[in-house]
Amino acid sequence: MDIQLDAGIPEGPIADKWENHKFKMKLVAPHNRRRFDVIVVGSGLAGAAAAATLGEAGYNVKCFTFHDSPRRAHSIAAQGGINAAKNYKADGDSIERLFYDTVKGGDYRAREANVHRLAELSVDIIDQCTAQGVPFARDYGGLRDNRSFGGTQVSRTFYARGQTGQQLLLGAYQALMRQVDAGTVALHPRTEMLDVVTVDGQAVGIVTRHLHTGEIQSWAADAVVLATGGYGNAFYLSTNAKASNASAIWRAHRKGALFANPCYTQIHPTCIPASDEFQSKLTLMSESLRNDGRVWVPMQSDDPRSPDQIPAEERDYFLERRYPAFGNLVPRDVASRAIKIEVDAGRGVGPLKNGVYLDFSDAIARLGRDVVQERYGNLFEMYERITDEDPYKVPMRIYPAVHYTMGGLWVDYNLQSSIPGLFVGGEANFSDHGANRLGASALMQGLADGYFVLPATIANYLADRLGKAKTATDHPAFQEAEADVRARNERLLSIGGTKPVDHFHRELGHIMWDNCGMARSAESLQKALAEIPALKEEFYRDLRILGTGEDLNQSLEKAGRVADFFELAELMCRDALHREESCGGHFRVEHQTEEGEALRDDVNFAYVGAWEYTGDTANPELHKEPLEFEYVKLAQRSYK
């Protein structure tokens, strides 16, 4: 396919690009908006915000979610906070500093124009959410309070105790349900998108399966928005909800949407370590805990003493030692690798020696237990319920885990994919975080995309479609897509093997974590690329799914998603193998400094790697979007 990657970045000074672009974009008059149908797939922050805003504007919106309620969306799990450059603490923050921190935190692999727009919109997001009733914490003077997060030296993270994601999602949910009540949004719960339908290269609708009845159905629209989250569950063990998957964006990729930077996966340092090999998911402890918690290991390996009995002089506060300027608040990729080094050296703690300590004893002595409990009480309670250990008395144990994916479908400045009419928001796209996402920026991006960016840029696309007939669902393209979905399900159901789908998912996770996890090498990636096709072949030969496709069948649901993970995992490894550098969450062991830090190659790899599906997973085609850094000077990252 002859694809020309045009990011569509507006001309002019970076601080003026978004405002100038909004003025130049085409509009759809209020009386014409009801002529257009827009499909939104996903009901998390990006999806709910986009559906609610488009509905409020007057479009006819259909919102699809495989959950029983949008309140189940995984956005609820991002509890630590949301960034905004309000500078309430008068500590030097600004839109320009948030822009700089995000580009630097992403190890200079993000598109400058998109990041600056995100920083600009951050201040509007906070005001929007406050107006919706989100109960942000307040300081003594009544202003919304801030705390610090990793990768910054300012306090810009707004929070609602340890429940920020939950409260923000409730705000977006109530805005969405207001439009459902008004009749501008039709909500379709328990409905999973299984294909994108294109006609003449443009997105014209989707095909879904109802998870209760098994009904396969086509839906037509003038534009389609995918806001379906990330693909961290390709690793099986991750902090993602078990239902989180990549099928929506992967099926779009198979229809022609380019997939950008798939190897950029984030390892979060603050996760409860796995307790046994049968565990099915991992639990994240919010990055906000690193504000007051101190990370350390005993200087003596296998120290038999309880951690509260080990004196300070016999503790190695290794993040503070290695990175004195940022200490425990270094970015996630930096902290994760530092923790891995300690555990690999035999200094791990806990029953399986697979963690380090996150200690609040100093904070409790300095602030008092009541203050610590006010800030983090629900997180401490969650930790105690899972581990049966009281973090007020003994330190938490943490270890890195797969958390967020910076890769996703390639989008231009308007958040439109390489398929016209197919827009992508939130974690499902690649656009804002480069090779590493700073903490508290996921909520910021999802709401920026949903509330402010997509409603404006979709109008620009729809304006040219005024007066054009929408493709009906009896078009052969819809019939062909439905037939493909049915054939795929029937193939999975008919295998009749001996092993359940979770067996294959777990084995794929082992391959990915061991060979394309926190550290990758040419040798490990080539090993994975040999093992993944072999496991996929066994999957299609020995998978066993009970039941039928005509009713509730969670094994069938999972099998379809794992089938997509096989293909995506292969692309992730190919992307990691081709990128002969280390940057952010992509750490090639062949490319590191003498001090063990990531070593970029800006001469050869300062680009977005956007992959085209060719029908052969062994031979995808790479397209490159060069990255230019006009406002943030390329430099080796340092948090010392």
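Whatever comes next refers back to the structure up there.
All values reported here derive from a predicted model rather than from experimental measurement.

A few words now on the state of the cysteines. The full count for this structure, using the stated rule, is zero disulfides. Between cysteine 63, a free cysteine, and cysteine 129, which holds the nearest cysteine sulfur, the sulfur-to-sulfur gap is 17 Å. The structure places no disulfide on cysteine 583, whose sulfur is separated from the nearest cysteine sulfur, that of cysteine 263, by 6.6 Å.

With parallel pairing, five strands are arranged side by side in an open sheet as 6-2-1-10-18. If you trace the sheet from one side to the other, it starts and ends with strand 6 (185-188) and strand 18 (422-424), each paired once. Across the sheet, the mean angle separating the axes of adjacent strands is 20° when strand polarity is ignored. Relative to strand 6, strand 2 (residues 60-64) is paired through four bridges, and the arrangement is parallel. Looking across to strand 6, one finds that cysteine 63 is bridged to leucine 187. Contacts from helix 12 (residues 442-463) reach strand 1 (37-41), strand 10 (223-226) and strand 18, with the element oriented near 155° to strand 10.

Moving on, we get to the pairing of strand 1. Most of strand 1 is tucked away, with five of its five residues classed as buried. Where burial is concerned, the two faces of strand 1 agree: the one with Asp37, Ile39 and Val41 and the one with Val38 and Val40 are both buried. In terms of strand pairing, strand 1 meets strand 2 through five bridges, oriented parallel. By the bridge assignment, valine 40 is partnered in strand 2 with cysteine 63. Between the parallel elements strand 1 and strand 2, the chain passes through helix 3 (residues 45-57) in a crossover that is right-handed.

Next up on the list: the packing of helix 13 (residues 476-494) against helix 16 (residues 554-578). Between helix 13 and helix 16, the least distance of the axes is 10 Å, while the angle of their chain directions is 110°. In this view, helix 13 runs roughly perpendicular relative to helix 16, as classed from their interaxial angle. Between helix 13 and helix 16, the residues in contact are Asn489, Leu492 and Leu493 and Leu556, Ala559 and Gly560, respectively. By residue class, the composition of the contact of helix 13 with helix 16 is four nonpolar, two polar and no charged.

The two faces of a sheet get side chains in turn, since along a regular strand they alternate between them. Burial along strand 10 is two-sided: the residues Ala223 and Val225 and Val224 and Leu226 are all buried. Of the strand pairs in this sheet, strand 1 and strand 10 are connected by four bridges, and their pairing is parallel. Bridge pairing in strand 10 places valine 41 opposite leucine 226. Across three bridges, the pairing between strand 10 and strand 18 is parallel. If you follow valine 224 over to strand 18, its bridge partner there is leucine 422.

Okay, the pattern of salt bridges next. According to the stated counting rule, one finds 51 salt bridges in the structure shown. A salt bridge links aspartate 145 to lysine 89, with the nearest nitrogen and oxygen atoms 2.9 Å apart. Of this pair, aspartate 145 sits in the loop between helix 5 (112-131) and strand 4 (146-147) while lysine 89 sits in the loop between strand 3 (82-83) and helix 4 (95-105); the two residues are 56 residues apart in sequence, bridging distant segments of the chain. Here aspartate 145 falls in the buried class, since its relative accessible area comes to 13%. With relative accessibility at 37%, the residue lysine 89 sits in the partly exposed group. Between arginine 600 and aspartate 602 there is a salt bridge, with its nearest N and O atoms 2.8 Å apart. Classification of arginine 600 as buried rests on a relative accessible area of 9%.

Running from N to C, helix 3 and helix 6 (residues 164-182) cross one another at 35°; their axes reach a closest spacing of 8 Å. Here the hand of the crossing between helix 3 and helix 6 comes out left-handed. When helix 3 is examined against helix 6, the residues Leu45, Ala48, Ala49, Ala51, Ala52, Gly55 and Glu56 are found in contact with a partner set consisting of Leu168, Leu169, Ala172, Ala175, Leu176, Arg178 and Gln179.

A few words now on the nonpolar core. General note: in soluble globular proteins, nonpolar side chains tend to be found buried as a group. In terms of nonpolar packing, the biggest core is built from 165 residues, with Ile82, Leu226, Phe360 and Phe539 touching the most fellow members. Setting aside its immediate chain neighbours within four residues, leucine 226 contacts Val41, Met193, Ala248, Ile249, Ala252, Leu409, Leu422, Phe423, Val424, Gly425 and Ala428. The next biggest cluster of nonpolar side chains, apart from the first, holds eleven residues, and it includes Val197, Val204, Ile216 and Phe478.

In most cases, non-glycine residues show a negative phi, while peptide bonds are predominantly trans. One non-glycine residue, aspartate 107, lies in the positive phi region at around 55°. One can find aspartate 107 in the loop between helix 4 and helix 5. Positive phi, normally seen in glycine, also occurs at leucine 415, with a value near 65°. Checked against the element boundaries, leucine 415 lands in the loop between strand 17 (408-409) and strand 18.

Procedures and definitions
- Residues numbered from 1 in each chain as written.
- Predicted model: local features only at pLDDT ≥ 70, side-chain atom pairs only at ≥ 80, totals over all residues.
- Heavy atoms only, no water.
- Disulfide = S-S within 2.5 Å.
- Pairing = 2+ DSSP bridges.
- Helix = DSSP H or I, 4+ residues; strand = E, 2+ residues; numbered from the N terminus.
- Axes fitted to C-alpha atoms, helices over the stretch in contact; angles between N-to-C directions.
- Contact = heavy atoms within 4.5 Å.
- Buried < 20%, exposed > 50% of the residue type's maximum accessible area, 1.4 Å probe, protein only.
- Right-handed = clockwise from strand over helix to strand, strands pointing away.
- Parallel < 35°, antiparallel > 145°, perpendicular 65-115°, else oblique.
- Nonpolar A, V, L, I, M, F, W, Y, C, P; charged D, E, K, R; others polar.
- Salt bridge = Lys/Arg side-chain N within 4 Å of Asp/Glu carboxyl O.
- Left-handed = near helix turned anticlockwise from the far one by under 90°.
- Core = buried A, V, L, I, M, F, W, Y, C linked by side-chain atoms within 4.5 Å.

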